[in-house]
Amino acid sequence: NNPDKVKTARRKQFLMSHYGDTEDQYLDMLAAQDGRCAVCRTSEFISRWGTPCIDHDHSCCPSNKSCGKCLRGILCANCNTILGLSGDDVNRLRRAIEYLEVHRG
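Residues numbered from 1 in each chain as written. Predicted model: local features only at pLDDT ≥ 70, side-chain atom pairs only at ≥ 80, totals over all residues. Heavy atoms only, no water.

### Overview of the overall build of the protein chain
- The secondary structure content of the protein chain amounts to 4 helices and 2 strands.
- Counting from the amino terminus, the protein chain carries its helices and strands in the arrangement α-α-β-β-α-α.
- For the protein chain, buried positions account for 27% of its 105 residues.
- Sequence separation of 24 or more characterises 47% of the internal contacts of the protein chain that already satisfy a separation of 6 or more.
- Accessible area for the protein chain stands at about 7600 Å²; split by element, carbon and sulfur atoms hold 51% of it. (Helix = DSSP H or I, 4+ residues; strand = E, 2+ residues; numbered from the N terminus. Buried < 20%, exposed > 50% of the residue type's maximum accessible area, 1.4 Å probe, protein only. Contact = heavy atoms within 4.5 Å. Areas by Shrake-Rupley, 256 points an atom, 1.4 Å probe, with all protein chains shown as cover.)

Put into structure tokens, the structure is as follows:
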């Protein structure tokens, strides 16, 4: 078995089951972001799978699965975690930024 072929097949299955997305749509989204995280712009995607995370609006689809219509972008694991732990709360994120600005070394 070719490990890369197995990994690609698993990713295709994952994309379809969780996002109603196809491999081509995923690659198009990633290309539109120049192969970089939509938030921090890194090209170093680190996740459980070693691939970028697909972000979706959890107010539309509150589970880990998406209808496919609420996809927002592709993120690295760190940025995906920040948004997830914040509950996608814009005010919480703004306050976090203000906090960091006040407490810079």
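### Points about the pattern of salt bridges
- Tallied over the full model, the rule gives 3 salt bridges.
- A salt bridge links Asp55 to Arg72; the shortest N-O distance between them is 2.7 Å. Of this pair, Asp55 sits in strand S1 (residues 53-56) while Arg72 sits in strand S2 (residues 71-75), and the two are 17 residues apart along the sequence.
- Judged by its relative accessible area of 6%, Asp55 falls in the buried class.
- Residue Arg72 pairs with Asp88 through a salt bridge whose shortest N-O separation is 3.1 Å. With a gap of 16 residues between them, Arg72 in strand S2 and Asp88 in the loop between helix H3 (77-86) and helix H4 (90-102) connect regions that are remote in the sequence.
- Residue class for Asp88 comes out partly exposed when judged on its relative accessible area of 24%. (Salt bridge = Lys/Arg side-chain N within 4 Å of Asp/Glu carboxyl O.)

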